[in-house]
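# Observations on the three-dimensional arrangement
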Amino acid sequence: MTSRGTPSRFLQSVLLNGVGRYVCQLKRVSIIFSKNAQSSLGVREFIEEGVVDYAKKNPATVVYVSPQSCRIPKIVAEYLNGNVREEIVTSKTSQQISELLTKMTNQSGLDIIRIRKPFHTENPSIQGQWHPFTNRPPSIGPIRPQTQDAK
Amino acid sequence: MVFLTLSCWIRNRGPDRYWKVQEVLKHARHFRGRKSRCYSLAVRAVRRAFVYATKSRRLKQRNMRTLWITRIAAASREHGMKYPALMHNLTKSSVQLNRRVICDLAVTEPRSFLSLAKLAQARQQEGFRAALGDGKEPPGVFSRVVLLH
């Protein structure tokens, strides 16, 4: 839990996403649940009512619904940069699952680790970064064309 | 002859030792020497590292503030003012910039910092005139603090 022992990154956006067009970074959502188990009750309710609306609202995301015989229902989200996030949804209500899905849709696929600074600029300095000669008067005068009297 | 007590002497140790050890060692992987490899040394080193991490969360704010103050002092000395004079006159002119922002201005925006230094200098001169003068001269421009509600 030390800052050097755990990974950290700077704040960044994926290819300046919102500046021009906004591209949803969620590529694929797979909902793995069981048809008969008690833990997947909320997931089954969500699939009955909410999944189709969600899929229509997010045309850029592919939704896979896979009923398997599994003990713990999961939602696996894959992002455009290749990161995969698995969320366990045992004993969650349909409402909670839809909130979770909206949260995952709004995330970019960047790692969820400590962000070093809450801000980031490409151009931090407008008037020019300070260097030791900024506030020193120049030692030579302005450069003028050579006068002809010397010749 | 059947040895019956031999089986009573066999102990079943816990099955999870490897993972419990790895939980500690994973926090020690970037350490130097045997405390990154040997469990008994690593336990002590990891505990100290965590203690230092907790304590330094308070220290970090203090250190950052002293860094900003050092940088502002250096920048203001370039313009012929000292740090306490600069900050006091800026607060008197109701410029509510904190040290972090003024430090960033001094680094990335040197001309804005120059204007802040000149403002503080002018306010300082007005203060001197008000204190040393007779009160017959009109008060300066920057001493009129506007109270916005």
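See above for the structure.
Going along each chain's sequence as written, the residues are numbered from 1 onward. For this description, chains carry letters from A and ligands carry numbers from 1, given in the order in which they are written. In view of the model being predicted, local features appear only for residues whose pLDDT reaches at least 70, and side-chain atom pairs are presented and counted only at 80 or more, with totals across whole chains, interfaces and linings using the full set of residues. Hydrogens and water are ignored here; the side-chain numbers use all heavy atoms of the structure.

### Quick notes on the overall build of chain A
- Counting secondary structure elements, chain A contains 3 helices and 6 strands.
- Each helix is a run of H or I in the DSSP string that is no shorter than four residues. Each strand is a run of E no shorter than two, and both are numbered from the N terminus. The helix and strand sequence of chain A, counted from the amino end, reads β-β-α-α-β-β-β-α-β.
- Each radius of gyration reported is based on C-alpha atoms, and the globular scaling rule is 2.2 Å times the count of residues to the power 0.38. Its C-alpha atoms give chain A a radius of gyration of 27 Å, more than 25% over the compact-globule value 15 Å for 151 residues.
- Overall, the C-alpha framework of chain A stretches about 100 × 40 × 20 Å when taken along its three principal axes.

### A few points about the packing of aromatic side chains
All names here are of chain B.
- Aromatic rings from Phe, Tyr and Trp, taking only the six-membered ring of Trp, are treated as a pair when their centres fall within 6.5 Å; an angle between ring planes under 30 degrees marks them as stacked, one over 60 as edge-to-face, and anything in between as tilted. Evaluated as defined, the whole model comprises 1 aromatic pair over all chains.
- Judged by centre distance (5.7 Å) and plane angle (80°), the rings of Tyr18 and Trp19 are edge-to-face. For the pair shown, Tyr18 and Trp19 are each scored as exposed. Here the term buried applies to any residue with accessible area under 20% of the maximum for its type, exposed to any over 50%, and partly exposed to those in between, with areas from a 1.4 Å probe on protein chains only.

### Brief notes about the interface of chain B and chain A
- What makes two residues a contact is simply this: any of their non-hydrogen atoms within 4.5 Å. Taken together, the 15 residues of chain B in the interface contact 14 residues of chain A.
- Computed with a 1.4 Å rolling probe, the buried area is the accessible surface lost when two parts are put together, summed over both parts. Carbon and sulfur atoms make up 51% of the area that chain B and chain A hide from each other, which totals about 1300 Å².
- On the chain B side of the interface with chain A, the three residues burying the most area are B:Glu78, B:Thr108 and B:Pro110, jointly 34% of the side's total.
- In the sections that follow, a salt bridge refers to a side-chain nitrogen of Lys or Arg positioned within 4 Å of a carboxyl oxygen of Asp or Glu. In this structure, the connection of chain B to chain A is made through 0 salt bridges.
- Any N or O atom pair separated by 3.5 Å or less is treated as a polar contact, with the protein-specific requirement of one donor-capable and one acceptor-capable atom, and with residues adjacent in sequence counted only for side-chain atom pairs. Across the chain B-chain A interface, the total number found is 9 residue pairs in polar contact (both at pLDDT 80 or more).
- Secondary-structure elements contributing two or more residues to the side of chain B that touches chain A are α2 (39–78), α4 (99–108) and α5 (110–132) of chain B.
- Each residue is assigned to one class: nonpolar for Ala, Val, Leu, Ile, Met, Phe, Trp, Tyr, Cys and Pro, charged for Asp, Glu, Lys and Arg, and polar for all the others, Gly among them. Residues belonging to the side of chain B that touches chain A are distributed by class as follows: 6 nonpolar, 5 polar and 4 charged.

### Focus: the sheet that holds strand β3 (residues 62–67) of chain A
Residues and elements named next belong to chain A.
- Between any two strands, at least two bridges found by DSSP are needed for them to pair. An order of β3-β2-β4-β5 is seen for the 4 strands of this open sheet, with the pairing classed as mixed. Edge positions in the sheet fall to β3 and β5 (84–88), since each has one partner strand and no second. With strand direction ignored, the average angle separating the axes of adjacent strands in the sheet is 15°.
- Axis definition: a line fit to C-alpha positions, over the contact stretch in the case of helices; interaxial angles, taken between N-to-C directions, run 0 to 180 degrees. Those strands touched by helix α1 (residues 41–49) are β2 (26–33) and β3, and its axis lies near 125° from that of β2.
- Where helix α3 (residues 94–106) meets the sheet, it contacts β2, β4 (74–79) and β5, and its direction lies at approximately 15° from that of β4.

### Examining the packing of α1(A) against α3(A)
Residues and elements named next belong to chain A.
- Look at α1 against α3: their axes get within 8 Å of each other, and the N-to-C directions meet at 70°. The angle between the axes of α1 and α3 places the two elements in the roughly perpendicular class. In this structure, α1 uses Gly42, Val43, Glu45, Phe46 and Glu49 to contact α3, whose residues at the interface are Ser94, Ile97, Ser98 and Leu101.
- Partitioning the contact of α1 with α3 into residue classes produces 4 nonpolar, 3 polar and 2 charged. Relative orientations are named as follows: roughly parallel for angles under 35 degrees, roughly antiparallel for angles over 145 degrees, roughly perpendicular for angles from 65 to 115 degrees, and oblique for any other angle.

### Concerning the nonpolar core
- By nonpolar core is meant a set of buried Ala, Val, Leu, Ile, Met, Phe, Trp, Tyr and Cys residues that side-chain atoms within 4.5 Å join together. One finds B:Ile72, B:Leu86, B:Met87, B:Leu90, B:Ile102 and B:Phe113 to be the most contacted residues of the largest nonpolar core, which totals 20 residues.
- Of all the secondary structure elements, the ones that give two or more residues to this core are α2, α3 (83–92), α4 and α5 of chain B.
- Those residues in contact with B:Met87, other than ones at most four positions away along the chain, are B:Ile72, B:Arg99 and B:Ile102.
- Core analysis: the second largest hydrophobic core is formed by 18 residues, A:Ile47, A:Tyr54, A:Val89 and A:Met104 among them.

### A few points about the pairing of β2(A)
Residues and elements named next belong to chain A.
- Most of β2 sits inside the fold, with 6 of its 8 residues counted as buried.
- Two elements, β2 and β4, share 6 bridges in a ladder whose sense is antiparallel. Each residue of the ladder has a partner; that of Val29, found in β4, is Ala77.
- Relative to β3, β2 runs parallel, the two being bridged by 6 bridges. What sits directly across from Val29, in β3, is Val63.

### Considering unusual backbone geometry
- Positive phi, normally seen in glycine, also occurs at A:Leu16, with a value near 55°.
- Relative to the helices and strands, A:Leu16 is located in the loop between β1 (8–9) and β2.
- Of note in this structure, B:Ser94 is not a glycine but carries a positive phi near 55°.
- The residue B:Ser94 is located in the loop between α3 and α4 in this model.
- Note on B:Ser94: relative accessible area 41%, which makes it partly exposed.

The analysis is restricted to geometry; functional conclusions fall outside its scope.
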